[in-house]
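Architecture and fold: a report
Residues per chain are reported as follows:
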Amino acid sequence: MTPGLDRFDPQEGQGFTLPASRDYDALASGFRWRLPSLYNMGVDVADRWAAADPSRPAVIEARADGTRDILTYGELAERSNRLANALRARGVRPGDRVAILLKQGAAVPVAHCATYKLGAITLPLASVFGRDGLLYRLADSGARVLITGAEGVAKIAPIRADVPALETVLSIHGADGSVEGLDEAMAAASPAFAAVPTTPDDPALMIYTSGTTGQPKGALHGHRVLLGHLPGIVLPHGFFPQAGDRFWTPADWAWAGGLLNCLLPSLRYGVPVVARKDDKFDPEAAFALMAAEGIRNAFIPPTALRMLRAVKEPRRRFDFALRSICSAGEALGEETAAWGREAFGLPIDEAYGQTECNLVIGTASGLGIDRPGTTGKPVLGHRVGIIRADGSECEEGELGQIAVARPDPVMFLGYWNNPEATAAKFVGDWMVTGDQATRDADGYISFVGRDDDVITSAGYRIGPVEIEDCLIRHPAVALAAAIGKPDALRTEIVKAFVVPKPGFSPSDALAADIQTFVRERLSAHEYPREIAFRADLPLTTTGKVIRRFLRAEA
């Protein structure tokens, strides 16, 4: 065992220097980023541990029937090397995009590490996406390769001809016509691979994020994004890692929260990650999994936490031993936080960020940074301001917009092929979030609300335009608008207001048909759970829907 690798050592590795203190102010004043001139996420996540302890568990695939498979760090390094060679043999070069459409499992970090080692860019795609959502992202990104399974192969079959840049599809379930088998491709490739010497600023990862205008935008990140996330993992999870730590999240690993708040940082620190391929979140099964697999650290979005509340007496019924819990994606709420402290026997730390700049505000109960009703303080290494429209900082208690100062290692490099949208994301050196908040005299930030129309549902940020574009493709829909309606479980649900075409009459059957239409084409989290039929929509003089009127009506 290599000294200093089994637990967190502030001087070990690359990323940042953390003084030996348990005081937030002392930590903040002594904090220093340590970004190397060359850095590759794939090498850092897989190869460093493979050299130190190849038999160490990296991913534990746990199934509902109690069986499990273990991917070791030695296997992660070798398989990612083989896949990197296989991708290179199929023409993938640095800067090319490799899409990953997979549920939680060992193949996901293998695909990520292989792509990073190759100097290419991963494009994580959520398993809930339908064909329209996949078509847009694959076409806009110009992805050359898709790594998926049988379910993904079926989804892209009708659209593959519309994505000419997509030259190769590799399936974890084997070859099928024009689809190649992933295992067969790796078996034929060499286990030795010299990683491309990337810099922290070289592009490595692109996640599409939704906005209120236009289609989703690809937020492009450099290799530095992993190093930038480390303070936001180490402190909220009790100076992570500690001996015996084991991480789990129910969040899709294609989401920034699942990937960057759990999977990659855990693997980077040598902590095993438990994978579970569930089609739907089952609260009882979640508690049983935490007990059976000895989960010590968890990232659980607020919606999942609210669903866990349905389980009676979990501490009595399930022998789990969690050490830390963190939540993000939407406001946790004081009621859920209080329940969590009782149900788990420990506080739930909360984090805030966006796909473009994730994990920049949070609580850290182990440091005493935990004030009910607030989102916490800036995470170490990030300068967060509450600013006015002109970029000046607000006074204490003054409502303003949350903004993050550049440069920052978790900040995106820009939107894919969209310099105009990238420029609009900044006011001077502030990256603006579109979220409103206040800051008190002690530096605590309290989230108030959004100043845009993005819908936050079950942790997902959903842009109404993509939903509306899909709605009007239905043969019965003339006009449509989508808004977020407050919901106790999901924070918001998508509600659609629809103007039917002549010849179509409003009915429950028509509403159900429209819902199915959107769900099959976009995703299960984007379809409208409520539909209201109207004779017209409130519009501005330039023809834009006035969504605030619809939100008030909902």
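Residues numbered from 1 in each chain as written. Predicted model: local features only at pLDDT ≥ 70, side-chain atom pairs only at ≥ 80, totals over all residues. Heavy atoms only, no water.

This next bit is on the overall build of the protein. Along the protein, the regular secondary structure elements total 17 helices and 29 strands. Relative to its length of 554 residues, the protein is compact, with a C-alpha radius of gyration of 23 Å against a globular reference of 24 Å. Considering only intrachain contacts with a sequence separation of at least 6, the fraction spanning at least 24 residues in the protein is 67%. Roughly 21200 Å² of accessible area belongs to the protein as shown, and the carbon and sulfur atoms make up 51% of that amount. Here the protein carries 59 positive and 68 negative side-chain charges, and the mean point of each set is 1 Å from the other. (Helix = DSSP H or I, 4+ residues; strand = E, 2+ residues; numbered from the N terminus. Rg over C-alpha atoms; globule rule 2.2 N^0.38 Å. Contact = heavy atoms within 4.5 Å. Areas by Shrake-Rupley, 256 points an atom, 1.4 Å probe, with all protein chains shown as cover. Lys, Arg positive; Asp, Glu negative; His and termini not counted. Charge placed at Lys NZ, Arg CZ, Asp CG, Glu CD.)

With that settled, the discussion passes to the side chain of Thr-115. Within the secondary structure, Thr-115 is located in helix H4 (residues 107–118). What Thr-115 contacts, discounting residues up to four positions off in sequence, is Leu-87, Val-98, Ala-120, Ile-121 and Thr-122.

Another aspect to go through is the packing of aromatic side chains. All chains considered together, the criterion is met by 14 aromatic pairs. Both rings, one in Phe-240 and one in Tyr-269, keep their centres 6.1 Å apart while their planes meet at 80 degrees; by these two values the pair is edge-to-face. Of this pair, Phe-240 sits in the loop between helix H8 (224–234) and strand S12 (247–248) while Tyr-269 sits in the loop between helix H9 (256–268) and strand S13 (273–275), and the two are 29 residues apart along the sequence. For Phe-240, a relative accessible area of 0% corresponds to the buried category. You can call Tyr-269 buried: its relative accessible area is 4%. The lysine or arginine in question, Arg-22, covers the ring of Phe-239, its NZ or CZ lying 3.6 Å from the ring centre. One residue, Arg-268, lies across the ring of Tyr-269, its end atom 5.0 Å from the ring centre. (Phe/Tyr/Trp six-rings, centres within 6.5 Å; stacked < 30°, edge-to-face > 60°. Buried < 20%, exposed > 50% of the residue type's maximum accessible area, 1.4 Å probe, protein only. Lys NZ or Arg CZ within 6 Å of the ring centre and 35° of its normal.)

Moving on: the nonpolar core. In this structure, Leu-76, Leu-83, Leu-87, Ile-147, Leu-170, Leu-235 and Leu-267 are the most contacted members of the largest nonpolar core, which totals 76 residues. Val-274, Ala-286, Val-311 and Leu-322 belong to the second largest nonpolar core, which has 25 residues in total. (Core = buried A, V, L, I, M, F, W, Y, C linked by side-chain atoms within 4.5 Å.)

With that settled, the discussion passes to the packing of H8 against H9. The relative placement of two packed helices is expressed as an angle between their axes plus a distance between the axes. Interaxial distance between H8 and H9 falls to 10 Å at its minimum, and their mutual angle equals 100 degrees. By the angle between their directions, the pair H8 and H9 is classed as roughly perpendicular. Taking contact as the criterion, the partners of Val-225, Leu-226, Leu-227, His-229, Leu-230 and Ile-233 in H8 are, on H9, Leu-260, Asn-261, Leu-264, Pro-265 and Arg-268. Of the residues that constitute the contact of H8 with H9, the class distribution is eight nonpolar, two polar and one charged. (Axes fitted to C-alpha atoms, helices over the stretch in contact; angles between N-to-C directions. Parallel < 35°, antiparallel > 145°, perpendicular 65-115°, else oblique. Nonpolar A, V, L, I, M, F, W, Y, C, P; charged D, E, K, R; others polar.)

Along any regular strand the residues' side chains alternate between the sheet's two faces. For strand S3 (residues 57–62), the buried fraction is high: five of the six residues fall into the buried class. Relative to strand S4 (residues 68–72), S3 runs antiparallel, the two sharing five bridges. Its bridge partner being in S4, Pro-57 is matched across the sheet by Thr-72. A loop of five residues connects S3 with S4, the two strands running antiparallel in sequence, and Gly-66 in this loop sits at a positive phi of about 95 degrees. (Pairing = 2+ DSSP bridges.)

This part is about the sheet that holds strand S18 (residues 377–378). Spatially, the nine strands line up as an open sheet ordered S4-S3-S13-S12-S14-S15-S16-S17-S18, and their pairing is mixed. Only two strands of the sheet have a single neighbouring strand rather than two, namely S4 and S18. Here three bridges tie strand S14 (residues 297–299) to strand S15 (residues 324–327), and the two strands are oriented parallel to one another. Across the sheet, Ala-298 pairs through a bridge with Ile-325, a residue of S15.

Further remarks concern the confidence of the model for the protein. Residues of the protein with pLDDT of at least 70 account for 94%, and the chain-wide mean is 91. Every residue in residues 1–13 scores below 50 in pLDDT, and together they form 33 contacts with partners more than four places removed in sequence or on other chains. (pLDDT = per-residue confidence, 0-100.)

Summed over the entire model, instances satisfying the criterion amount to 33 salt bridges. With a closest N to O distance of 3.1 Å, Asp-370 and Arg-341 form a salt bridge. Placement of the pair is Asp-370 in the loop between strand S17 (357–362) and S18 and Arg-341 in helix H13 (residues 334–344), with a sequence separation of 29 residues. Residue classification places Asp-370 among the partly exposed residues on the basis of a relative accessible area of 31%. Given a relative accessible area of 44%, Arg-341 falls into the partly exposed group. A salt bridge links Glu-468 to Arg-547; its shortest N-O distance comes to 3.1 Å. With Glu-468 in helix H15 (residues 464–471) and Arg-547 in helix H17 (residues 547–553), the pair connects residues that are 79 residues apart, well separated along the chain. Neither Glu-468 nor Arg-547 differs from the other in exposure class; each is buried. (Salt bridge = Lys/Arg side-chain N within 4 Å of Asp/Glu carboxyl O.)

In this section: unusual backbone geometry. As a rule of thumb, non-glycine residues mostly have phi less than zero, and peptide bonds are mostly trans rather than cis. Across the junction of Phe-240 and Pro-241, the peptide omega takes the value -5 degrees, indicating a cis bond. Mapped onto the secondary structure, Pro-241 falls in the loop between H8 and S12. The omega angle of the peptide bond from Arg-406 to Pro-407 is 0 degrees, so this bond is cis rather than trans. Mapped onto the elements of the fold, Pro-407 is located in the loop between strand S20 (400–405) and strand S21 (414–415). Positive phi, close to 60 degrees, is recorded for Leu-359, a residue that is not glycine. On the secondary structure map, Leu-359 appears in strand S17. Since its relative accessible area comes to 3%, Leu-359 is described here as buried.

So, about the side chain of Asp-245. Relative to the helices and strands, Asp-245 resides in the loop between H8 and S12. Within the structure, the side chain of Asp-245 is placed 2.7 Å from the backbone nitrogen of Gln-242, a separation counted as a polar contact. Separated by 2.7 Å, the side chains of Asp-245 and Arg-323 make a polar contact. In this structure, Asp-245 is in contact with Phe-240, Val-271, Pro-272, Arg-296, Asn-297 and Arg-323, ignoring residues within four places of it in sequence. (Polar contact = N/O pair within 3.5 Å; in protein donor to acceptor, adjacent residues only side chain to side chain.)

This part is about the sheet that holds strand S27 (residues 477–487). A sheet is described by the order of its strands in space; here three strands give the open sequence S27-S28-S29, paired in mixed fashion. Each having just a single partner strand, S27 and strand S29 (530–533) make up the two edges of the open sheet. Direction aside, neighbouring strands of the sheet carry axes that sit 25 degrees apart on average. Pairing geometry for S27 and strand S28 (residues 491–500), over 10 bridges, is antiparallel. Among the inter-strand pairings, Pro-486 is bridged to a residue of S28, identified as Glu-492. Packing against the sheet, H15 makes contact with S27 and S28, and its axis sits at approximately 140 degrees to S27. In this fold helix H16 (residues 508–521) packs onto S27, S28 and S29, with an angle of close to 130 degrees to the strand it touches most, S29.

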